[in-house]
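# Structure at a glance
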Number of protein chains: 2
Amino acid sequence: MTAIHCVHVHYTQRTGSDALRMELLNFGSVQYSPPLKQRVLRLINEKVTTSEQVAQINYQLGEQFAQAIYKFCDEYEIDISSEVDLISSHGQMIWHHALPHLSGNGNGMRTHLDMAEMAIIAARTGKTTVGHFRVGDQAYGRQGGPLMAFLDSLVLVHPTLTRACQGIGDIASVCFIPAGDMEGCYEFDIGPGTILIDAAVRYFTDGEKERDDNGVMGGEGTVHQSIVDEVLANPYFAHNIPKTCGRETFSDSMAYDLCERMADGGISTEDCIATITRVTAQSIAQHYRTYGPAHGVHEIFMYGEGSLNPNIVNYLRQEMPNVRFRTLEEIGIPGEAKEALAFAQLGVECLLGRPAIVPQKVETRAPAVIGQIQPGRNWRKLVRHASRFWDDEALDSTADCVTEMFIVRDSV
Amino acid sequence: MTAIHCVHVHYTQRTGSDALRMELLNFGSVQYSPPLKQRVLRLINEKVTTSEQVAQINYQLGEQFAQAIYKFCDEYEIDISSEVDLISSHGQMIWHHALPHLSGNGNGMRTHLDMAEMAIIAARTGKTTVGHFRVGDQAYGRQGGPLMAFLDSLVLVHPTLTRACQGIGDIASVCFIPAGDMEGCYEFDIGPGTILIDAAVRYFTDGEKERDDNGVMGGEGTVHQSIVDEVLANPYFAHNIPKTCGRETFSDSMAYDLCERMADGGISTEDCIATITRVTAQSIAQHYRTYGPAHGVHEIFMYGEGSLNPNIVNYLRQEMPNVRFRTLEEIGIPGEAKEALAFAQLGVECLLGRPAIVPQKVETRAPAVIGQIQPGRNWRKLVRHASRFWDDEALDSTADCVTEMFIVRDSV
């Protein structure tokens, strides 16, 4: 819900056994219209809705995403009709429940719901649109997330260094890539990234500020360790991997309750922010110890809003003194563009009918094509293109995953 | 919600300019599991739900539809792995709002929501699945229904006879096909089919009976015309075409209220059923007069539960004495299979990237490919098949609609 992140990316690959060449042409963000953002946040945060509202928000998000595509393309002078073949859309996550046994309401269904009607995106742009990747992953028995490992391992695998890709967005998620073992990668959501911090900042500034820029507020406070420990007693943190979470587990209202209690107890605003920030930092460090590769990691590549917060990063540096901290940007993937790039690639793979690498430590490792396709006016051309890519190959078995990728640098 | 109607159908067409050959191999129905049916009906009838419930019901319906496919295939000894290439799934309609200005709640959005997660259907069957046709039709500016005209006109167009295809399912809908003018067809929903009658039967039998079989209950009653006229004052009936409606306009609770009022007024159960049945019959006759072709129709082809109710059919015969009443079955399309056949064909058209005939008297006649595709394990083969169908044609323009179709008879 921070913004609609867009990338314009060009993939080339001669045959299925060649390396995939990825050229990031442009990236940027488009803000949600404030009334729609409020409406969607209400749907996410409140328990109650109607079928009518669900149907409306799906359509409104579809229009919003289509407008975002036009706005992004205008800004970067991209001609949609000639320079866009396929739109891959994650949609807005409305509900994600991967570990229902943790919720304690006795309802054992793993489910996911994301919205932004693809039929509207395709109708407004004329372009074939792909989306709904997470429901596909769940349908095949996995958790529907984080869905980043296939890309992290393609771009970060190293012959002698074990690496981690650490995202700190709303949620903090990590992918570990053992040295020289791309398909040995595994990933999970650690817990809250900036979601509780952002909510706390909104709470204490009456919504005037949306986040703790540069960690200024938290940096002036003192961590109340007993409260950090109390939050870290949430059963999600002790849950074994694989695990994924979202706003159903770590919600704004959880942060508001915490802030209210701390403020009622006479704890200063700065201390509250420092304490809530430590929840994120400490949970990350703990998860590296508990679930990271046995011999540790050599390098951590960070991205996401929280990776710019020194109160998080300095704590991690202190807890992991032998690790080299880097940014994803250093290898040619701007942090802001990273998740959009992952879903762009999944869109291409869906069209081609090729699964992405399934990481280790998941419920079932059967590779599967995920995503749904809304044909646009260019559908028959794309079908021809996809068909010719496979040429005269026998198509009885599942296509081999891409295991080599080149990033074309310096084009952005 | 009566059942999940299934068809197994084989389409062949050599090139886009040949006639489409349609062979109905098998058809049947599978009942919903009663607890899921109750849960879905509550979602449709009650105003309030949660994101979690919406996500769950979507997945549960997906599992239910996948099971229905297996049950249907078991029953007719269809080997899914070798005898099914593509699954086309309408899904369960949850919300359909085509004329929001009629609802009077000041909310001007045309929306549609249907569910039965395609990712689950494709994962369980291994087969590529197509669905979500109505949202596509709405995205292109139309009402998302009835979506029957393209098929009605293909199978019923006659050089000298003007014909109507009259469906009386939950909702009564009609398509008029002028003599010798297939693309002159137009369609709309008339109003309630059996939806109010079925609800009234449930009301008076405490849910023991689901419908008025052979019109026995209604046939023993007397119509209270003033009440019929009162129901027909609903603004939907006076609304100009195009128009479509669903359970958001004619609901079970509307029928229950009506029954309660009539019963409280001392009107007998039989009279109530007769009166409510007349609403359907009289609205159909009125709509033929108001919106039918200027010179009337020669033949009406009927299908659907309500077409078996003599209290409806005899009234129509009396009101339209010069019309020949026939059944769709006579031309090789069993009534029970008809709507499933329409969506089967739309699924094939979606894969091929070819629009179906857009009827007259709609908001915008631009042809468009509707439907969304969930690739299954056979996706790459289907892509090759679709690509080869178009061979070396230039694909810059929209594909021409099918305008000729043969029904292969006697295979069922």
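Nothing here was measured: the structure is a model prediction, and the numbers come from that model.

Let us look at the overall build of chain A. Helix and strand counts for chain A stand at 16 helices and 13 strands. For 412 residues, the compact-globule estimate of 2.2 N^0.38 gives 22 Å, and chain A sits close to it at 21 Å. Principal axes of the C-alpha set define a box for chain A whose edges measure 70 × 50 × 45 Å. The burial tally for chain A puts 61% of its 412 residues in the buried class. Within chain A, residue pairs in contact and separated by at least 24 positions form 73% of the contacts whose partners lie at least 6 positions apart. For chain A, the accessible area works out to roughly 16100 Å², and carbon and sulfur atoms hold 47% of it. Looking at chain A, you have 34 positive and 52 negative side-chain charges, and the mean spots of the two groups are 4 Å apart.

What follows is about helix α14 (residues 310-319) of chain A. All names here are of chain A. Taken together, the buried positions of α14 are I312, V313, Y315 and L316. For α14, the arc enclosing every buried residue in end-on projection is 160°, short of the 170-degree limit, so these residues lie on one face. For α14, the elements touching its buried residues are β7 (163-168), α8 (195-204), α13 (269-291), β10 (299-303) and β11 (324-327). By the N-cap criterion, in which a side-chain oxygen at the helix start approaches the backbone nitrogen of a residue two or three places on, α14 is capped by N309, the distance to N311 being 2.9 Å.

Here we take up the packing of helix α1 (residues 34-45) of chain A against helix α2 (residues 51-75) of chain A. All names here are of chain A. Where α1 contacts α2, the axes come no closer than 11 Å and their chain directions differ by 140°. As the angle between them shows, α1 and α2 are arranged oblique. Between α1 and α2 lies a crossing of left-handed hand. From α1, L36, R39, V40 and L43 reach across to α2, where they touch Q53, Q56, I57, Q60, L61 and Q64. Tallied by class, residues from the contact of α1 with α2 come to five nonpolar, four polar and one charged.

This structure, assessed with the given rule, holds 27 aromatic pairs over all chains. Measuring from ring centre to ring centre gives 6.4 Å for A:Y236 and A:F237, while their planes differ by 80°; the resulting arrangement is edge-to-face. A residue is classified by how much of its surface remains accessible, and A:F237, at 6% relative accessible area, is buried. Within the aromatic cluster, the residues linked to one another by ring pairs are A:F176, A:Y186, A:F188, A:Y288 and A:Y291. Residue placement shows B:K361 over the ring face of B:Y186; its charged tip is 4.2 Å from the ring centre. Its guanidinium or amino end placed over the ring of A:W390, B:R380 lies 4.4 Å from that ring's centre, counting from NZ or CZ.

Turning our attention to the sheet that holds strand β10 (residues 299-303) of chain B. All names here are of chain B. Reading across the sheet, the five strands line up as β9-β8-β7-β10-β11 and stay open at both edges, with mixed pairing between neighbours. The open sheet has two edge strands with one neighbour each: β9 (186-192) and β11 (324-327). Shown here is a sheet whose adjacent strand axes are inclined to one another by a mean of 25°, direction ignored. Relative to β9, strand β8 (residues 171-177) is paired through six bridges, and the arrangement is antiparallel. Pairing of S173 across the sheet is with D189, part of β9. On the sheet, helix α12 (residues 269-291) packs against β7 (163-168), β8, β9 and β10 and is oriented at approximately 150° with respect to β9.

Residue and element names in this part refer to chain B. Buried residues dominate strand β2 (residues 20-30), accounting for eight of its 11 residues. Alignment of strand β1 (residues 4-12) against β2, held across nine bridges, turns out to be antiparallel. Looking across to β2, one finds that H10 is bridged to E23.

So, about the sheet that holds β2(B). Strand pairing in a sheet relies on backbone hydrogen bonds. The paired strands run either parallel or antiparallel. Residues and elements named next belong to chain B. As summarised here, the arrangement of the three strands in space is β1-β2-β13, forming an open sheet in which the pairing is mixed. A strand with exactly one partner marks an edge of an open sheet, and here the two such strands are β1 and β13 (405-408). Sheet twist, expressed as the average angle between the axes of neighbouring strands with direction ignored, equals 35°. Each of β1 and β2 is contacted by helix α2 (residues 51-75), which is oriented at about 65° to β1, the strand it contacts most. Where helix α14 (residues 338-352) meets the sheet, its contacts fall on β1, β2 and β13, and the angle it forms with β1 comes to roughly 50°.

With that out of the way, let us pick up the packing of helix α16 (residues 379-390) of chain A against helix α15 (residues 379-390) of chain B. It is the contact of α16(A) with α15(B), at a shortest axis distance of 8 Å, that shows an interaxial angle of 115°. Read as a crossing pair, α16(A) and α15(B) show a hand that is left-handed. Residues A:W379, A:R380, A:V383, A:R384, A:A386, A:S387 and A:W390 of α16(A) lie in contact with α15(B), whose contacting residues are B:W379, B:R380, B:V383, B:R384, B:A386, B:S387 and B:W390. Counted by class, the contact of α16(A) with α15(B) contains eight nonpolar, two polar and four charged residues.

The second copy of the chain is related to the first by a rotation about an axis and a shift along the axis. With an RMSD of 0.0 Å, the fit of chain A onto chain B corresponds to turning through 180° and sliding 0.0 Å along the axis. The symmetry that links the two subunits is that of a two-fold axis.

Reading guide: rules and limits
Residues numbered from 1 in each chain as written. Chains lettered and ligands numbered in written order. Predicted model: local features only at pLDDT ≥ 70, side-chain atom pairs only at ≥ 80, totals over all residues. Heavy atoms only, no water. Helix = DSSP H or I, 4+ residues; strand = E, 2+ residues; numbered from the N terminus. Rg over C-alpha atoms; globule rule 2.2 N^0.38 Å. Buried < 20%, exposed > 50% of the residue type's maximum accessible area, 1.4 Å probe, protein only. Contact = heavy atoms within 4.5 Å. Areas by Shrake-Rupley, 256 points an atom, 1.4 Å probe, with all protein chains shown as cover. Lys, Arg positive; Asp, Glu negative; His and termini not counted. Charge placed at Lys NZ, Arg CZ, Asp CG, Glu CD. Arc of directions from axis to C-beta. Polar contact = N/O pair within 3.5 Å; in protein donor to acceptor, adjacent residues only side chain to side chain. Axes fitted to C-alpha atoms, helices over the stretch in contact; angles between N-to-C directions. Parallel < 35°, antiparallel > 145°, perpendicular 65-115°, else oblique. Left-handed = near helix turned anticlockwise from the far one by under 90°. Nonpolar A, V, L, I, M, F, W, Y, C, P; charged D, E, K, R; others polar. Phe/Tyr/Trp six-rings, centres within 6.5 Å; stacked < 30°, edge-to-face > 60°. Lys NZ or Arg CZ within 6 Å of the ring centre and 35° of its normal. Pairing = 2+ DSSP bridges. Least-squares fit on C-alpha atoms with pLDDT ≥ 70 in both.

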